[in-house]
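In case you want the letters, here they are:
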Amino acid sequence: MRQNPSFAMTDVAELRRIIAANPWATLVGRDENGMTASHYAVLLDPERDDLTIVAHVGRPDDLVLGLGTQELMVVFQGPHGYISPGWYGDVAAVPTWNYVAVHLSGVPELLDGEENLRVLDHLVDHFEGRLADPRGMWTPPNDEAFVRRLEAGTVGFRLTPTRVTAKRKLSQNKPDDVIENVILELRGDGVYANPSLAAEMQRAHDARLAARADAR
């Protein structure tokens, strides 16, 4: 992803927020046959406060991604959506697409069986914990033999990125009144209504207004 200084995201807390809210990630790696993109749930490492992530892949995705032997790129896609030029008012304009994306790259550390089990357990608990009657990885009828077979068919990894590219393209290059109208349209009931993108735009817009006021 080509970086644009006007749209760059650098605040670690904001990057962690986007990653945590959008765990379904794209993993991009390669083997001798070329590039492969795989899709897995990826979580922030619960024992770290940086951008370290943990996840697993099913065998043989570890081989086609070159996992542990070369750089892996992990892509998180935040809110995104179509922006009509009609929302800009009576000015020359063309359509665009607003979005938030975070790319983390580095050589992942492969986990041993026991640590991979802890990551799998954390992954299940992370999502099941939202349910009224959560079903953990070790909950019957799952037994230890079943869980061990599951772990053996996966490869866990931890990645502390050595390269981070993050972009928040949310109409920052437009006047305040235009940004506010775009947010209004996204909150509406039109064909391109997009509440999650509207909320992300409002968050970014409020932060810019606050920073501008502080600078006065």
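Residues numbered from 1 in each chain as written. Predicted model: local features only at pLDDT ≥ 70, side-chain atom pairs only at ≥ 80, totals over all residues. Heavy atoms only, no water.

What follows deals with the overall build of the protein. Check the secondary structure of the protein and you find six helices and nine strands. Counting only C-alpha atoms, the protein reaches 65 × 45 × 35 Å along its principal axes. A buried classification covers 43% of the 216 residues belonging to the protein. Considering only contacts within the protein whose residues lie at least 6 apart along the sequence, 70% involve residues at least 24 apart. (Helix = DSSP H or I, 4+ residues; strand = E, 2+ residues; numbered from the N terminus. Buried < 20%, exposed > 50% of the residue type's maximum accessible area, 1.4 Å probe, protein only. Contact = heavy atoms within 4.5 Å.)

Let's shift gears to unusual backbone geometry. In this chain, Arg59 is followed by Pro60 through a cis amide linkage whose omega measures 5°. If you trace the backbone, Pro60 turns up in the loop between strand S4 (53–58) and helix H2 (61–64). The phi dihedral of Ser171 is positive, around 65°, even though this residue is not glycine. Assignment of secondary structure puts Ser171 in the loop between strand S9 (163–169) and helix H5 (176–187). Exposure remark for Ser171: the relative accessible area of 3% places this residue in the buried category.

Let us now look at the packing of aromatic side chains. If you walk through the whole model with that rule in mind, you get two aromatic pairs. Between Tyr82 and Trp97, the ring centres sit 6.2 Å apart and the planes meet at 70°, which makes this aromatic pair edge-to-face. Here Tyr82 is found in strand S5 (residues 72–83), whereas its partner Trp97 is found in strand S6 (residues 96–106), with 15 residues between them in sequence. Ring centres of Tyr82 and Tyr192 lie 4.4 Å apart, and the angle between their planes is 40°; on these two criteria the pair is classed as tilted. One end of the pair, Tyr82, is in strand S5; the other, Tyr192, is in the loop between H5 and helix H6 (195–215), with 110 residues separating them in the sequence. (Phe/Tyr/Trp six-rings, centres within 6.5 Å; stacked < 30°, edge-to-face > 60°.)

Moving on: the environment of Ile19. Position of Ile19 among the secondary structure elements: in helix H1 (residues 12–21). Separated by 56 residues in the primary sequence, Ile19 and Val75 place their C-alpha atoms 9.2 Å from one another. Excluding its chain neighbours within four sequence positions, the residues that come into contact with Ile19 are Leu44, Leu51, Ile53, Phe76, Val102 and Leu104.

What follows is about the sheet that holds strand S8 (residues 154–159). With respect to topology, four strands assemble into an open sheet ordered S3-S4-S8-S7, the strand pairing being antiparallel. For this open sheet the edge positions go to strand S3 (43–44) and strand S7 (109–110), each flanked by a neighbour on one side alone. Two elements, S3 and S4, share two bridges in a ladder whose sense is antiparallel. Directly across from Leu43, in S4, lies its bridge partner Val54. (Pairing = 2+ DSSP bridges.)

All right, on to the nonpolar core then. Among the nonpolar cores identified, the biggest contains 38 residues, and Leu27, Ile53, Val74 and Phe76 are the most heavily contacted of them. The element best represented in this core is H5, accounting for five residues. (Core = buried A, V, L, I, M, F, W, Y, C linked by side-chain atoms within 4.5 Å.)

Moving on, we get to the sheet that holds S9. One open sheet holds the five strands; their spatial order is S2-S1-S5-S6-S9, and the pairing between them is antiparallel. Lying at the two open borders of the sheet, with one neighbouring strand each, are strand S2 (34–41) and S9. Here the average twist between neighbouring strands, direction ignored, is 25°. In this structure, strand S1 (residues 24–31) lies alongside S2, joined through eight bridges in antiparallel fashion. Across the sheet, Val28 pairs through a bridge with Ala37, a residue of S2. Along the sheet, H6 makes contact with S5, S6 and S9, crossing S5 at roughly 100°. (Axes fitted to C-alpha atoms, helices over the stretch in contact; angles between N-to-C directions.)

None of this, on its own, says anything about what the molecule does.
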